[in-house]
Amino acid sequence: GKMRQVWSTFYKALTIHGVIFVVDANDAKLLESENKRQREEANQKVREYRQLLHSLMNEDELRSAVISVIFNSRNADAEPPPDEHPLRYRYGLHNLPEPMKK
C-alpha cells in the first residue's frame, strides 16, 4: 500500500529497464470460491491490481521498460501454463498489442 505511493518517485528519477509484477495465482481459486466474502475480496484485489498494472504500462517513464507479470503459486505444477491462466484474462493481458506480449 504505502510503498506504491513512492514508486513514481523512483521511475521518474531513474531509468528503469524492467518491472516484475507478481500476482498471487491463488486468486484464481478464490474468485471461484463458494465463500461469497472471499470471492468479493478476490474480485476487489484483482480489479485494484489490474488497474495498477495498466497504469504502470501507460507511464511515459516506463514505456521502454520490460514489464514481466508472474503468476506466483506454491503449487506451480497444478497451475495452467501462463498463456492459459485464468488470471491472464482478469488482468487484461490477453488484449495487449502483439509487441507487448514478447
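See the structure printed just above.
Residues numbered from 1 in each chain as written. Predicted model: local features only at pLDDT ≥ 70, side-chain atom pairs only at ≥ 80, totals over all residues. Heavy atoms only, no water.

A. Up close: the nonpolar core. Phe-21, Leu-87 and Tyr-91 are the most contacted members of the largest nonpolar core, which totals 20 residues. At the level of secondary structure, the elements contributing two or more residues to this core comprise β1 (18–24), α2 (27–31) and α3 (36–57). When residues in this core are grouped by element, the largest group, 6 residues, is from α3. Setting aside its immediate chain neighbours within four residues, Leu-87 contacts Val-23, Asp-24, Ala-25, Asp-27, Ala-28, Leu-31, Val-46 and Phe-71. (Core = buried A, V, L, I, M, F, W, Y, C linked by side-chain atoms within 4.5 Å. Buried < 20%, exposed > 50% of the residue type's maximum accessible area, 1.4 Å probe, protein only. Helix = DSSP H or I, 4+ residues; strand = E, 2+ residues; numbered from the N terminus. Contact = heavy atoms within 4.5 Å.)

B. The pattern of salt bridges, seen in detail. Per the counting criterion, the structure on display carries 6 salt bridges. Across the pair Glu-48 and Arg-4 runs a salt bridge, and its minimum N-O distance is 3.0 Å. Of this pair, Glu-48 sits in helix α3 while Arg-4 sits in the segment before α1 (7–13), and the two are 44 residues apart along the sequence. A salt bridge links Asp-27 to Lys-45; the nearest nitrogen and oxygen atoms lie 3.3 Å apart. Taken together, the positions of Asp-27 in helix α2 and Lys-45 in helix α3 put the pair 18 residues apart, joining distant regions of the chain. Given the relative accessible area of 2%, Asp-27 is considered buried. The exposure class assigned to Lys-45 is partly exposed, which follows from its relative accessible area of 25%. Sharing partners across several salt bridges, the network here consists of Asp-24, Asp-27 and Lys-45. (Salt bridge = Lys/Arg side-chain N within 4 Å of Asp/Glu carboxyl O.)

C. How the structure looks around the side chain of Ser-33. The topology assignment puts Ser-33 in the loop between α2 and α3. Taking the relative accessible area as the measure of exposure, Ser-33 reaches 13% and is therefore buried. Only 2.9 Å separates the side chain of Ser-33 from the backbone nitrogen of Asn-35, close enough to count as a polar contact. (Polar contact = N/O pair within 3.5 Å; in protein donor to acceptor, adjacent residues only side chain to side chain.)

D. Quick look at the layout of surface pockets. Taken as a whole, the second largest pocket spans an internal volume of roughly 230 Å³. Every residue along the wall of the second largest pocket is listed here: Trp-7, Phe-10, Tyr-11, Ile-16, Val-19, Ile-20, Phe-21, Val-22, Tyr-49, Leu-56 and Leu-62. Going through the elements one at a time, α1, β1 and α3 are the ones with two or more residues in the lining of the second largest pocket. Here the lining of the second largest pocket takes 4 residues from β1, the largest share from any one element. Classifying every residue of the lining of the second largest pocket by side-chain character gives 11 nonpolar, no polar and no charged. (1 Å grid on protein atoms, 1.4 Å probe; cavity = no way out; pocket = protein on both sides within 12 Å on 5 of 7 lines; lining within 4 Å. Points joined across faces, edges and corners; volume = space filled by probe spheres on them. Nonpolar A, V, L, I, M, F, W, Y, C, P; charged D, E, K, R; others polar.)

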